[in-house]
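Below, each chain spelled out in residue letters.
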Amino acid sequence: GQIVHLADYRPTDFVLERVDLTFELDPTNTKVEARLIFHRREGVDPSVPLVLDGDELTLSGLLIDQSEAPASRYDATPESLTIRDLPAETPFEVTVTTFINPEANSQLMGLYRTSGVYCTQCEAEGFRRITYFPDRPDVLAPYTITIIADKAANPVMLSNGNFLGGGDYDEGRHFAAWFDPHPKPAYLFALVAGDLGVVEDTFTTMSGRDVKLRIYVEHGKEPRAAYAMDALKRSMKWDEERFGREYDLDIFMIVAVSDFNMGAMENKGLNVFNDKYVLADPETATDQDYANIEAIIAHEYFHNWTGNRITCRDWFQLCLKEGLTVYRDHEFSADQRSRAVKRVAEVRHLKSEQFPEDAGPLAHPVRPTKYREINNFYTTTVYEKGSEVTRMIATLLGSKDFKAGMDLYFERHDGQAVTVEDYLKCFEDASGRDLEQFSLWYHQAGTPLVTASSSYDQKKGTFTLSLEQMLPATPGQSNKEPMHIPLSLALILDNGQIAAPTAVKGGEMTGDVLHLTERKQTFTFSGISSRPVLSLNRSFSAPINLHFDQTPADLAHIARHDTDLFARWQALTDLAMPNLMQAARDAREGREITCDPALTAALLEAAGDEALEPAFRAQVLTLPSEADIARELGGNNDPDAIHAGRHAILSAIAREGNKTFLRLFDEMKIAGPYAPDAASAGKRALRNSALAYLTYAEGTPARAAQAFAAADNMTDLAQALTLLAHRFPDSAEAQGALDTFLKRFDGNALVIDKWFSIQATIPGAGALARVKALMENPRFVSTNPNRVRSLIGTFAFGNPTGFNRPDGEGYRFLAEQILSIDPKNPQLAARILTSMRSWRSLEPQRADHARSALATIERAETLSTDVRDIVERMLK
Ligand code: HT7
Ligand code: ZN
């Protein structure tokens, strides 16, 4: 676990020209022969050795230019292979042979087996678990792959690139050869072999080439891959239309596997997916599942250009591919669905995941400068804040210059491994705008706090806006420079019209975007005929916290009139938040809880507004979560009080809005068969939201039980089950529904995961005992990441009252689980452990329990680098 520093980056001494790999697959003893052709980089001294990376490897053969290397010329350890006295004449060839055990690979990094299928995961540093190799993203080469395996057990044998040919081999084995002409780093290598079913289609690219599309799934699951295939074709088309990007091989393949550490992996021409993000049908997948599949299929496909054709020079540049690709998949979903609803969902996610990371012990810049374990930097900061940074570039430059910058990036850097600086330079060159100050978004961690105050001068017809920005200290960064913050704004007049100022003084404004660049800055808008209501940070143009004291009347005005739908949602949230915070305080002090009638009125007005799409109205009715309220409260938090306060507010709204909810529950009913399109999903969301409020008001499980019985799709069924289990956990109705659900879907692991998650998130102190009991259920498989995440992960991340029991039992349970998962799968253990990242904002008693649970982990004798890195940063 050495710390790696960005400042230490050096290019390699040797250039890799070609890679030839031969795999003789065997479940426990796979032979890997790697022929690597290198030449020495100009100016490098011939005495400099070649050092290759390894991870738990043993060398079983080494040839240099086809002759066996004497032991004096190399040193091999599990972590590296150092070769000396290399031929002075370059290029030269190194042939490395290793034997590996895929069956015993429980980390799911490198070559492993999942349900009898061979599969690889090489990002970030998994390739070095297959063979000794210069395993870094700036080493790019074309690959030829030969796979040899038992024919009966492995009729399908896949790798990157185009299929070269295959045929029978010896002893019931066969072989297949693949060639990927596009130079790539090892992290994009993939191999899959096994007995799989396939769904096939074709896509004709914009230049008229036919590309074969194949999705491989377990036999019998082929029909459940239809939606993924449809999403893939839409992604390919969209990337051509929106970004001018065409696919570049004869075939594009996706393989769905059931044991996978993350969502999916963008290996060149051969994406490997967690089957959760491929398989869907109306009976087993929710609307959210469909939306996730669409987004992740798109994300991995988009990596073909942003990540694969243009890759990262080193892992510090991870946001270069991840932030940009998230931005691209967000834009895709916005175009396929409703832009405003998508933006609301993105911002909700950003605030609930990234903001706490940025405000806690794990905060780091979008482009970090050091890491101890790269696997721990696949974070929401790199991904989601990284995406927001690209979104801000688009906002600052405007769509024409942004497009010119992207085009320049694709043209200038195709085939290269580049840096964030290279990326920014393309936008500077294309637009003529200096992005020096803007680049601080990559380097300074923490969420900026912008404080706003305003005044209106009737006589002069001027509106004055004073802004102040403050960036909180984060680990390793105490002094921060002011950032370039793009703030979209509107001045909304009494009549609901948006004012068009005759002049703006005090700084730059382009279109409706104000450029805040100084620590304190005052802007004056002239030609404003009456006192306007300011709508600020519309569309969430900058990922900031905003403090702006606005009256409920002003917020209601924005909620009614802004032309930016996101801002209307934001205003309603800003109206709700103080109520929820006060309710939490009142609950804690045992005071009576009241809900401002202005809030209820505004929410019900929007919920009942037929001019608004149902999906948006459903978002309005989804109040900030308990975690959102905790974040706003800031510290000394009592999750039980937050839960009780929120519950009281929801109940008040439910009582007040009874008529509206009854009407919506009726009107939003969809006749006819299920379709996963966004409009239908929106109606279901609004109807289910109404159902939740009705259940709150009625206080009995009857209506939810009816909905459960009547549901003809998984969205409605899971929603009804959640209501029953969460609101009436001890009722016969809830128990009956849980049993029915289990019986109906037994054998479908992805649906049983929902059954685990719903029970893991039942509020209250009883949750822990339930989770422990469920872990004894034979359907819970402790080595499968989806099972572990759906039960243990969901409990820790998604059950504030259950996990944060005042007696600390939740934390001690988590510590035990981390220590038991870690030896098998450190990546999974480290990720689940991050659920405790906000422990310092708990009230002292809980915080003490949390600290000692973390200390127990820290004291453990053997810890992976992954878990050690997280636990030490959390305790620092
Ligand atoms: N680029 C991938 C990130 C990744 C990953 C995926 C699966 C298993 C382990 C992994 N480590 C890193 C996924 C993506 O962002 O598209
Ligand atoms: Zn990605």
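Numbering of residues begins from 1 in every chain and follows the order in which that chain's sequence is written. Whichever chain is written first becomes A and whichever ligand is written first becomes 1, with later ones labelled in order. The predicted nature of this model means local features are confined to residues of pLDDT at least 70 and side-chain atom pairs, given and counted, to a pLDDT of 80 or more, with totals for whole chains, interfaces and linings taken over all residues.

**Quick notes on the UniProt feature "domain: Peptidase M1 alanyl aminopeptidase C-terminal" (unreviewed entry) in the protein chain**
So, point 1. UniProt positions are given in the numbering used here, feature names are shortened, and annotations may be inferred rather than shown by experiment. Per the UniProt annotation, the sites labelled "domain: Peptidase M1 alanyl aminopeptidase C-terminal" (unreviewed entry) are residues 553–876.
So, point 2. By the criteria applied, helices consist of DSSP H or I runs no shorter than four residues and strands consist of E runs no shorter than two, each listed in order from the N terminus. Secondary structure across residues 553–876 comprises 72% helix and 0% strand; the distance between its end C-alpha atoms is 44 Å.

**Remarks on the sheet that holds strand β14 (residues 162–168)**
So, point 1. Any two strands between which DSSP finds at least two bridges are classified as paired. If you trace the eight strands from one edge of the open sheet to the other, you get β6-β5-β9-β3-β2-β12-β15-β14, paired in mixed fashion. With one partner strand each, in any of the chains shown, β6 (67–68) and β14 form the two edges of the open sheet.
So, point 2. Pairing of β14 with strand β15 (residues 173–184), which is carried by six bridges, proceeds in the antiparallel orientation. What sits directly across from Gly166, in β15, is Ala176.

**Section: helix α1 (residues 226–243)**
So, point 1. Compared with an ideal rise of 1.5 Å per residue, which puts 18 residues at 26 Å, α1 spans 25 Å between its outermost C-alpha atoms and is within 8% of the ideal.
So, point 2. For every residue pair, C-beta atoms are placed from the backbone, and the pair is scored as a contact if these atoms sit within 7 Å. Tucked into the core, α1 has its buried residues touching β17 (197–204), β18 (210–217), β19 (251–257), α2 (287–302) and α3 (318–336).
So, point 3. Directly after α1, the chain includes Gly244, whose backbone phi takes a positive value near 65°. An expected span of 1.5 Å times one less than the residue number is assigned to each helix.

**Here we look at the UniProt feature "domain: Aminopeptidase N-like N-terminal" (unreviewed entry) in the protein chain**
So, point 1. On the UniProt side, "domain: Aminopeptidase N-like N-terminal" (unreviewed entry) is annotated at positions that read residues 20–188 here.
So, point 2. What you have in residues 20–188 is 0% helix and 52% strand, and the ends, taken at the C-alpha atoms, are 15 Å apart.

**Comments concerning the packing of α2 against α3**
So, point 1. Running from amino to carboxyl end, α2 crosses α3 at an angle of 135°, the nearest separation of the two axes being 9 Å. In this view, α2 runs oblique relative to α3, as classed from their interaxial angle. In the packing of α2 onto α3, the handedness of the crossing is right-handed. Only Thr325, Val326, Arg328, Asp329, Phe332, Ser333 and Gln336 of α3 make contact with α2, whose side of the interface consists of Glu294, Ala295, Ala298, His299 and Phe302.
So, point 2. When residue character is reported, Ala, Val, Leu, Ile, Met, Phe, Trp, Tyr, Cys and Pro are called nonpolar, Asp, Glu, Lys and Arg charged, and the others, Gly included, polar. Within the contact of α2 with α3, the residues separate by chemical class into five nonpolar, four polar and three charged. Fitting a line to C-alpha atoms yields each axis, with helices limited to the stretch in contact; the angle taken between N-to-C directions then spans 0 to 180 degrees. Roughly parallel means an angle under 35 degrees; roughly antiparallel means over 145; roughly perpendicular covers 65 to 115; every other angle is labelled oblique. Crossing chirality is assigned from the near helix's rotation relative to the far helix, an anticlockwise turn below a right angle marking it left-handed and a clockwise turn marking it right-handed.

**Thoughts on the nonpolar core**
So, point 1. A set of buried Ala, Val, Leu, Ile, Met, Phe, Trp, Tyr and Cys residues, joined through C-beta atoms within 7 Å, is what we mean by a nonpolar core. Any residue whose C-beta has 12 or fewer other C-beta atoms within 10 Å is treated as exposed, any with 20 or more as buried, and any in between as partly exposed, C-beta atoms being built from the backbone. Membership of the largest hydrophobic core comes to 263 residues, with the highest contact counts inside it found for Val192, Val255, Val278 and Leu724.
So, point 2. When residues in this core are grouped by element, the largest group, 12 residues, is from helix α9 (residues 565–589).
So, point 3. Those residues in contact with Val192 that lie beyond four places of it in its chain are Val117, Tyr118, Cys119, Leu158, Val255, Leu270 and Val272.

**Side note on helix α12 (residues 626–633)**
So, point 1. Along α12, the residues that are buried comprise Glu626, Ala627, Asp628, Ile629 and Ala630.
So, point 2. Where α12 is buried, its residues contact α4 (339–359), α9, α13 (639–656) and α22 (800–803).

**Some remarks on the pairing of strand β9 (residues 92–100)**
So, point 1. Sheet topology note: the strand β3 (residues 30–40)/β9 ladder contains nine bridges and is antiparallel. By the bridge assignment for β9, Ala34 is matched with Val96.
So, point 2. In terms of strand pairing, strand β5 (residues 59–64) meets β9 through five bridges, oriented antiparallel. Following the sheet pairing, Leu59 is matched in β9 by Thr98.

**A closer look at the domain arrangement of the protein chain**
So, point 1. Residue ranges for the domains originate in an automatic or database domain assignment. Partitioning the protein chain into domains gives domain 1 (311–443), domain 2 (449–549), domain 3 (550–699) and domain 4 (746–876).
So, point 2. On a C-alpha basis, the centres of domain 1 and domain 3 stand 31 Å from each other.
So, point 3. With 10 residues of domain 1 at the contact, the number on the domain 3 side is 12 residues.

**Considerations on the sheet that holds strand β10 (residues 110–114)**
Either a parallel or an antiparallel arrangement is found when strands of a sheet pair, and the pairing is made through backbone hydrogen bonds.
So, point 1. Strand order in the open sheet made by the four strands is β10-β11-β16-β13, with antiparallel pairing throughout. Looking along the sheet, the strands with just one partner apiece sit at the ends: β10 and β13 (156–159). Within this sheet the neighbouring strands show an average axis-to-axis angle of 15°, counted without direction.
So, point 2. Sheet analysis places strand β11 (residues 117–121) next to strand β16 (residues 191–194), joined by two bridges and oriented antiparallel. Residue pairing for β16: Cys119 is matched across the bridge by Val192.

**Observations concerning the environment of Glu171**
So, point 1. Within the secondary structure layout, Glu171 lies in the loop between β14 and β15.
So, point 2. By the C-beta count within 10 Å, which is 6 here, Glu171 ends up exposed.
So, point 3. Residues Glu171 and Phe252, spaced 81 residues apart in sequence, show a C-alpha to C-alpha distance of 31 Å.

**Some remarks on the environment of Asp75**
So, point 1. Checked against the element boundaries, Asp75 lands in strand β7 (residues 74–77).
So, point 2. With 14 C-beta atoms packed within 10 Å, Asp75 lands in the partly exposed category.
So, point 3. On a C-alpha basis, the gap between Asp75 and Ala630 in space is 54 Å, while along the polypeptide they are 555 residues apart.

**Things to note about the site of ligand 1**
So, point 1. Any residue whose C-beta atom, as placed from the backbone, lies within 6 Å of a molecule or strand is termed near it. Taken together, 13 residues lie near ligand 1, and Gln121, Glu123, Asn261, Met262 and Met265 sit nearest.
So, point 2. Mapped by element, the contributors of at least two residues to the shell around ligand 1 are β20 (264–265) and α2.
So, point 3. Its residues assigned to classes, the shell around ligand 1 comprises five nonpolar, four polar and four charged.

**Concerning unusual backbone geometry**
Excluding glycine, most residues fall at negative phi; most peptide bonds, likewise, are trans.
So, point 1. Omega for the peptide link from Thr90 to Pro91 comes to 5°, which places this bond in the cis form.
So, point 2. Topologically, Pro91 is positioned in the loop between β8 (80–83) and β9.
So, point 3. Cis geometry is adopted by the peptide bond preceding Ala124, which originates at Glu123 and carries an omega value of 0°.
So, point 4. Along the polypeptide, Ala124 turns up in the loop between β11 and β12 (141–150).
So, point 5. Of note, the phi angle at Glu56 is positive, near 60°, even though the residue is not glycine.
So, point 6. Within the secondary structure, Glu56 sits in the loop between β4 (50–53) and β5.
So, point 7. Even without glycine at this site, Ser115 takes up a positive phi of about 45°.
So, point 8. The residue Ser115 is located in the loop between β10 and β11 in this model.
So, point 9. Under the C-beta neighbour-count criterion, Ser115 is labelled partly exposed, with 14 such atoms within 10 Å.

**Section: the confidence of the model for the protein chain**
So, point 1. Confidence scores per residue from the predictor, reported as pLDDT, run from 0 to 100. On average, the protein chain scores 98 in pLDDT, and the residues at 70 or more come to 100%.
So, point 2. What the predictor reports for the complex is a pTM of 0.99 with an ipTM of 0.97.

**Remarks on the packing of helix α24 (residues 826–833) against helix α26 (residues 865–875)**
So, point 1. Taken N-terminus to C-terminus, the directions of α24 and α26 make an angle of 15°; their axes are 8 Å apart at the nearest point. With respect to α26, the element α24 is oriented roughly parallel. For the crossing formed where α24 meets α26, the hand is right-handed. On α26, the residues that touch Pro826, Gln827, Ala829, Ala830 and Leu833 of α24 are Asp866, Val867, Ile870 and Val871.

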